[in-house]
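Analysis of the macromolecular model
So you can see what is in the structure, the chains are spelled out below.
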Amino acid sequence: MKIIINIFILFLAILSSVKSDTCPIDANWRPTPASSSSPVSPPLPTTHLASDIVYGGNDLYYLAYWSNTEPNNLQPVSNVESEFSIAIPAWAPDYFLIIAKQSAPSLKANTNYEFSFDFKLGQALAQDIVYSNMTLSFYQPEDIHYLLWSYRAPTYAFTFTGDFSSTTYKSKTLTFSVPFDLGLSTLILQVNRSRAMDYDDTTIFYKNMRITVPSKPVTTPTLITKDSELINIPKPSVSLDPQDLSNCPYLASDLVHWHNPSTWPNNVVPQPNENITIPAGKRVLISPCSISQTLIYQRIVIPATSELIFADANFTMNVKDILVQGKFIMGTTKCRYNAYINIIFHGTKTKIDTIAPFYGSKGIAVSAGGFISVHGKQYHSSWTKLASTIWSGDRIIYVQDNINWEVGQQVLITTSQFKDELDNQNEVLTIKTISGKVIEFTTPIKFYHYGGKEYQAEVALLSRRIVFQGNDDSDQDSFGGHVLVSGEGQFAGIQLKKMGQRNVKARYPLHFHLANVVQNSYISDCVVTKSYYRCYTIHGTNNLTLTRNVAFDVNGHCYYLEDGVEMDNTLSFNLGAFVHTIGEPAAGGAQTGETYYENENLTQPADSAAGAFYITNAYNTIIGNSASGGWAGFSFPNLEKPIGNHKNVAMEPQAFTTKVFEGNTAHSSGYQWISGSSIYVGGKLITDEETGLLVYNTGRHSRDTCKDGIFSWDPSNFLWMRFNNTKIYLSNLGLGHWGDRVEVVGLEAYDSMRPASLFGAAWLSNAIVDGQTGNILSKTLAYNRQGFQFYDTYVTTILSHITFRNFIRNPTSVYPDDDNVVIIALTFSDLYKPQFISSTINITLENILPAQIIGHKIVPDSGSSRFFNFIDWDGSLVGTHVPTIVGSHEKWWSYDDSKCSYNSDWTIWICEKGSKSVGNIEFWVPNLIIRGEQNEGDTFVGSVSLFGDGITDVRKTAITRNAGITGITSTGWMLWLDGGSPTYLQVWAAQVAYQQYIFLAIPYPAGTTFTISTENKWAWQNAYGFNCTLASSAAEVRSSNGTKYYFDQTHLFVKIVNPVLTGAPSESFNRGGAKIDDVYWEYIYHINATNPNISPNQDGFYTNLSYTLPSSTL
């Protein structure tokens, strides 16, 4: 009997899989091609319907004093979605809070909203206990954690009474309005009782809790006409790809039908449970009636001489594995299919290669020499941006670009919130009505999405007619389908969802794998949604184009260049959004970051810092892309060597500069690490030589970009990483670059803590930096904004042609450099002190009070605070309108009372530059100031004071055992050491520019004689070195070329110069009309002192000297 049943089941399977009676075998027969027509859209409404934002038990949690907060206090009631109960424990306090897990809706000022709910008691209360009233409040999200321990004022609150004593539901509705636009906030309902509870546990119930946004007429808002004010963000062609339907692949006359028995060996159509191989040399057409729409096909192989061609007709194929050695055709470049075709990949998690060796399981693999072409209907633009701001409760949006989207399709609106992963405000909605650039959705929009002149949320189409997807069980092990191409491949207009296999290398949704230099391959206008592992991967492949694609809700790096050898690819006009790290996001120290090691739960340790675009080799063309969310939007990790399959390739990926980086945008990222940024050039990925496993550190690692990616000491081979026309908003540190050379030209940065953090020789030019836009979600005191932070040592930065706007004082800021100010600097260290490393020119300030221009923090034990400086080459930043030297709070910077003034708002000195500059020298003194030695900042050993030029008072700065003095050059500097003057010291003229000097004075006892020579340390035969000769006066020394010295029996006078320098452009960093003099390695003065009458102490110092400034007339 069992055998008979099995035979019957097999017979039914054959009937369902082969329908020859309805599927003609005539060679000329073809299914009717699908229509490109879109569903008819109803007309747009004239009224916005009232909209409800509903709060159920899964949306809220309970909070109370006295440790009476338990996760299970508030629970949904299973049979009613919006109903929930709250268990009130015995002895509970007299009030508790119901807090929304997600941000509250945005509320417009002076608009009447309704808050309503039904309430009942689970049991009657003691007579003297009543629920007296409730308070509806909206708090800043960052205040929620403090509510039980300290008072935090709500942004808005409204207390109301009602009938809260019944054990049957009673409805309560109240109307409220806020006096200002309310952006980012958390809804809290405070429930108040007449007193604390007794010893009985009680329960209360709510249902139908909601905020209702009132109805309103539909009126066209003011629409923006361009997406940027300053920069140019390129866009793809507005036209659809040209089509020629007369040459569609299914029309070829030499095709044979899958369902025709004569196509197959032995004249038998294969069954789904078989391993199926397309007959050699045949081009097989597969139609909907050719196969079962429900049974799962085990494995299909297309040999090198064969082709599998799909009809342009609606159908579903369930399959485990497909191996393409020949050709797999589902549409072509000139014949995009209009059919709804769904390929569902089946299979449980396994490490067995069931497709073919090295190709994994549950997907399609195209071997070297194979070809795949999948082209669905083109929806263009695949993503666009808002043309106006939308508010909670709206159902209609306006977009910037022409679109041909359809009713019933799903649309993504990206977040306008900073901390994307922590507060997910990305929304997926369904189109109800569409007309031109106007879309109405079937449900109300929950959150505020900004579409102002500064920036606009992206709007992307998530639906396609051709879908490749993992089966429903894929969620269980995050093990979806995958597409791997080692030959040529063309993909356009397909959706890939539930694809990728978490932590399985080479098993990504859509993946070019070791394809070498492709000739005619691309991925265009596709979409990846709900990916378990990446979205689009380029591995060991060059010359590939990814354009107009979308990815949303992705785990691990998304657009992924894998090993570091991938070059000359083009990534253009793509969008990546809501990208998640694998495991906890990387954090760690400000510069050191954290280190992650390859393991089974993190097979690529850089996924601890996953972002939308992961570029292991910068020499690619990256144009017009946008990254929303992620640890970073664009990541350029440092690879000293390639990894993975290419670990033995002789190449240094990190040495390649950007080929083209133009018109890209990143936002809502960088916040998960203190030094995180939205475009991040940093971190380091290596292969451990002992274990062979990958190791990733997120922190500060430099890169030296050179011609042809070959490291060189020759400056003529140096190349700058270049970022053109970039937009950053809602970011931590904007564009973060730890490398040696970078140019950022054309930048708009909005609502970010800083626009950029640039290392090496850095130029930021032609920019708008706006601390506060009209985005109400960004109006928070939770983080401060600075226009730029200058570094504290050896990092040269030029800011030119920049407009800073809207840096508004934060009343909660404690220190000046913690406020919303334009310029700050690192001032915490005595070991790392600034040379002359910062310059500005052509700066414009808009809506900025004078006190918010510079925030200088005075740190007594910090050389970086004492030597804070920059040159404002045209005085446009500080308002002098002449070249100006800006120095710290110490009078050491005031070289001339008629040319210098102290600004108390900024706690700095500003001085007319004139012929002077800023320079740096280091004193190296045996037993006192040792080169390279690290000491605490309070190890004060003396001072350096200005003298001459009419100075009669003391204008000094402290020096410590950490070497380095920075000040105004072409002035007199007197070195005073508290322990006496040394018998020997070295003076490194680290930064004494051409035609600049330091007139150095050092006190010594009368009768001291000197031998002074110079050393050009790394030059052949000490070129430009000399022995100093004795002059007849200090004035003669000052007017000399640096080869003279003089001792007036009180002070030794030496003129410190660098005769090697000629003023050539190569001796300075020059950009935008400003310059910074190079540090010269190394020109050193050696000073030996001998006194026949007085012996130095045991450490080699002459003591008992008096602090006396040289003459003011020098």
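Scroll up to find the structure this text is about.
Structural notes, computed from the coordinates. (Residues numbered from 1 in each chain as written. Predicted model: local features only at pLDDT ≥ 70, side-chain atom pairs only at ≥ 80, totals over all residues. Heavy atoms only, no water.)

Another point: unusual backbone geometry. The omega angle of the peptide bond from H380 to S381 is 0°, so this bond is cis rather than trans. Cis geometry marks the peptide bond from W1081 to E1082, where omega comes out at -10°. In this structure, E1082 sits in the loop between β78 (1074-1077) and β79 (1083-1090). Residue N208 is not a glycine yet carries a positive backbone phi of 55°. Along the chain, N208 falls in strand β12 (residues 202-213). Under the relative-accessibility criterion, N208 is labelled partly exposed at 27%. Here F358, not a glycine, exhibits a phi torsion of approximately 75°, which is positive. Looking at where F358 falls in the secondary structure, it is placed in the loop between β21 (341-345) and β22 (363-366). (Helix = DSSP H or I, 4+ residues; strand = E, 2+ residues; numbered from the N terminus. Buried < 20%, exposed > 50% of the residue type's maximum accessible area, 1.4 Å probe, protein only.)

What follows covers the side chain of E454. Relative to the elements of secondary structure, E454 occurs in the loop between β28 (438-441) and β29 (458-461). Reaching out from E454, the side chain makes a polar contact with the side chain of Y450 at a distance of 2.5 Å. Once you skip the residues sitting within four places of it in the chain, E454 turns out to touch D227, K727, E748, Y750, D770, T773 and G774. (Polar contact = N/O pair within 3.5 Å; in protein donor to acceptor, adjacent residues only side chain to side chain. Contact = heavy atoms within 4.5 Å.)

Note on terminology: disulfide describes a covalent bond linking the sulfur atoms of two cysteines. Using the criterion set out here, one finds four disulfides in the structure. Note that C900 is cross-linked by a disulfide to C911, the S-S spacing being 2.1 Å. Here C900 and C911 share a disulfide; its torsion about the S-S bond, 120°, makes the bridge right-handed. Placement of C900 in strand β63 (residues 900-903) and of C911 in strand β64 (residues 908-912) is noted, with a sequence separation of eleven residues between them. By relative accessible area, which is 9% here, C900 ends up buried. Taking the relative accessible area as the measure of exposure, C911 reaches 3% and is therefore buried. Here the disulfide map of the protein chain reads 1-3, 2-4, 5-6, 7-8, the bonded cysteines being numbered as they appear in the sequence. (Disulfide = S-S within 2.5 Å.)

Attention shifts here to the pairing of strand β54 (residues 741-750). Burial within β54 is extensive, with ten of its ten residues counted as buried. Summarising the sheet, β54 and strand β56 (residues 761-770) pair through nine bridges and their orientation is parallel. Its bridge partner lying in β56, V742 is registered against A762. (Pairing = 2+ DSSP bridges.)

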